[in-house]
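# Geometric and topological summary
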Amino acid sequence: VEGEPVVCGGTGLINLGNTCFMASALQCLSNTPGLADFFTSDAHVPMINKTNPLGCKGELAKQFGELLKLLWSNKYRAVAPWDFKGAISKFAAQFCGSSQHDAQELLAFVLDGLHEDLNRITDKPPTQTIEGGGRPDLEVAREAWDVYQLRNNSAIVDRFYAQLKSTVRCSHCTRVSITFDPFSFLQLPLPTVGVRLMHVVLHRIGVAPVEYGVRVPKAGTILSLKNELSAICGIEASLLVVADLYQNAAFVLDERKLLDEVRPGDVLRAYETRPDSVNFSVVCREFRPELASYGSHYAHPKRHDRDRDYEIDDHFYSPTQPPPSGPSNSSTSTST
């Protein structure tokens, strides 16, 4: 697609089927500082090693250089990397066709192929692993790097390779082996999210219910939820009772219940109680789908001196008469 891109080097790559994985990897390499200048200036041409049996006979380096020239020519808004893909498919059959692949797998192949195509070493001597032997790390690392470059010395190694210190201790003789190994990829685990967002409808006496989004530890309990909600609403955690209403049944949740046992889509209810309440029950009066976010039910805190019911619906939480004995489909859950 001819036309000046928005910025120089901002030329896109046209998908050749499902080759977005290839486009993303190539764009990363194209925008690596120093690499584009190295290839677009033809600095790589004198270094091409066509006799290296581990390389691609120079074809991968040649096509990669031609592709980068197109991407940085400032003449195209997008180009189709047919020639480069042909070179990859020729030496790596797994990338033939237009199927989807892993971007890192392709990136590893391209970097290794470019390295071998540009390897300055034509006759690789045998080498041995360098160990620390009690010497300073800097001395061992430099020696290990020099030995590595006896077989691997290219512009790709100069830009993309580093060393990783490896320490192995024998559990029997306590001998410690320290080596410095070259690497071009370092895989790091993605941090796991230790919290989850839970929705809780808080019913306070005489106040319209309010739904809160509460962040709680994934490995927490209902008590953890109460503590977090208490910090938001200002009600002591000990005065909050949490229940789950499901299919016309009410379940008051024990403080020790694990949060990962609560279904992700459930909207829990939290009720404010009085300090003199000795237990708390929730009685479902009816189920109205249009009010499913709150429901219509009774909260029944039992006190030392009297029993007092509080009616809870989608508007208020206020004293009322005890619910009449209703049909058999009513359900009660009690927590002491």
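Located above this text is the structure these notes cover.
Residues numbered from 1 in each chain as written. Predicted model: local features only at pLDDT ≥ 70, side-chain atom pairs only at ≥ 80, totals over all residues. Heavy atoms only, no water.

### Regarding the overall build of the chain
Assigned secondary structure in the chain consists of eight helices and 14 strands. Going through the 336 residues of the chain one by one, you find that 41% of them count as buried. Counted over contacts in the chain with a minimum sequence separation of 6, partners at least 24 positions apart contribute 61%. As presented, the chain carries roughly 18,600 Å² of accessible surface, and 53% of it is formed by carbon and sulfur atoms. (Helix = DSSP H or I, 4+ residues; strand = E, 2+ residues; numbered from the N terminus. Buried < 20%, exposed > 50% of the residue type's maximum accessible area, 1.4 Å probe, protein only. Contact = heavy atoms within 4.5 Å. Areas by Shrake-Rupley, 256 points an atom, 1.4 Å probe, with all protein chains shown as cover.)

### Considering the environment of Leu 60
Tracing the chain through its elements places Leu 60 in helix H3 (residues 59–71). Those residues in contact with Leu 60 that sit more than four places away from it in its chain are Phe 84, Ile 88, Phe 109, Val 110, Gly 113, Leu 114 and Asp 117.

### With respect to the pairing of strand E9 (residues 267–272)
For E9, a buried count of five out of six residues is recorded, marking the element as mostly surrounded by other parts of the structure. Of the strand pairs in this sheet, strand E5 (residues 195–203) and E9 are connected by five bridges, and their pairing is parallel. From the neighbouring strand, Val 200 faces E9, where its bridge partner is Leu 268. Of the strand pairs in this sheet, strand E7 (residues 240–246) and E9 are connected by four bridges, and their pairing is antiparallel. Each residue of the ladder has a partner; that of Ala 243, found in E9, is Arg 269. (Pairing = 2+ DSSP bridges.)

### Structural notes on the pattern of salt bridges
Counted according to the given criterion, the structure contains 13 salt bridges. A salt bridge links Arg 120 to Asp 158; its shortest N-O distance comes to 3.2 Å. Here Arg 120 is found in the loop between helix H5 (103–117) and helix H6 (137–149), whereas its partner Asp 158 is found in helix H7 (residues 155–160), with 38 residues between them in sequence. A residue is classified by how much of its surface remains accessible, and Asp 158, at 45% relative accessible area, is partly exposed. Connected via shared salt-bridge partners are Asp 42, Glu 66 and Lys 69. (Salt bridge = Lys/Arg side-chain N within 4 Å of Asp/Glu carboxyl O.)

### Structural notes on the nonpolar core
In terms of nonpolar packing, the biggest core is built from 36 residues, with Phe 64, Phe 84 and Ile 88 touching the most fellow members. Looking at this core, the elements that each hand over two or more residues are helix H1 (20–30), helix H2 (35–40), H3, helix H4 (82–91), H5 and H7. In contact with Phe 64, not counting residues within four places along its chain, are Leu 26, Leu 29, Leu 35, Phe 39, Phe 84 and Leu 114. (Core = buried A, V, L, I, M, F, W, Y, C linked by side-chain atoms within 4.5 Å.)

### Let's talk about the side chain of His 115
Along the polypeptide, His 115 turns up in helix H5. Residue classification places His 115 among the buried positions, given a relative accessible area of 1%. In this view, His 115 contacts Asn 152, Asn 153, Ser 154, Ile 156 and Val 157; residues no more than four positions away in its chain are not counted.

### Some words on H6
Its 13 residues give H6 an end-to-end C-alpha distance of 18 Å, which sits within 8% of 18 Å, the value for a rise of 1.5 Å per residue. Among the residues of H6, Val 140, Ala 141, Ala 144, Val 147, Tyr 148 and Gln 149 are the ones counted as buried. The inward-facing, buried residues of H6 abut H7, strand E3 (162–169) and strand E4 (176–183). (Expected span 1.5 Å × (residues − 1).)

### Brief notes about the pairing of E4
For E3 and E4, the ladder comprises eight bridges, and the chain directions are antiparallel. Paired with Val 168 across the bridge in E4 is Ser 177. The antiparallel hairpin formed by E3 and E4 contains six residues in its connecting segment, where Thr 174 sits at a positive phi of about 60°.

### Overview of the sheet that holds E7
Strands in a sheet are paired, the pairing made by backbone hydrogen bonds, and the direction either parallel or antiparallel. A sheet is described by the order of its strands in space; here five strands give the open sequence E6-E5-E9-E7-E8, paired in mixed fashion. The strands lining the two open edges of the sheet, one partner per strand, are strand E6 (210–217) and strand E8 (249–252). Across the sheet, the mean angle from the axis of one strand to that of its neighbour is 35°, orientation sign disregarded. Strands E5, E6, E7 and E9 of the sheet are contacted by helix H8 (residues 222–233), whose axis makes an angle of about 125° with E6. (Axes fitted to C-alpha atoms, helices over the stretch in contact; angles between N-to-C directions.)

### Things to note about the packing of H1 against H3
Viewed as axis vectors pointing N to C, H1 and H3 meet at an angle of 80°, and their least axial separation amounts to 11 Å. As far as their axial angle goes, H3 and H1 are roughly perpendicular. Contact residues: H1 offers Leu 26, Leu 29 and Ser 30, while H3 offers Phe 64, Leu 67, Leu 68 and Leu 71. When its residues are assigned to classes, the contact of H1 with H3 shows six nonpolar, one polar and no charged. (Parallel < 35°, antiparallel > 145°, perpendicular 65-115°, else oblique. Nonpolar A, V, L, I, M, F, W, Y, C, P; charged D, E, K, R; others polar.)

### Some thoughts on the packing of H1 against H5
Put simply, H1 and H5 touch, their axes get as near as 9 Å, and they point 50° apart. When the axis of H1 is compared with that of H5, the two are oblique. Where H1 crosses over H5, the handedness of that crossing is right-handed. Along its contact with H1, which presents Phe 21, Met 22, Ser 24, Ala 25 and Leu 29, the element H5 presents Ala 103, Leu 106, Leu 107, Val 110 and Leu 111. A breakdown of the residues in the contact of H1 with H5 according to their chemical character gives nine nonpolar, one polar and no charged. (Left-handed = near helix turned anticlockwise from the far one by under 90°.)

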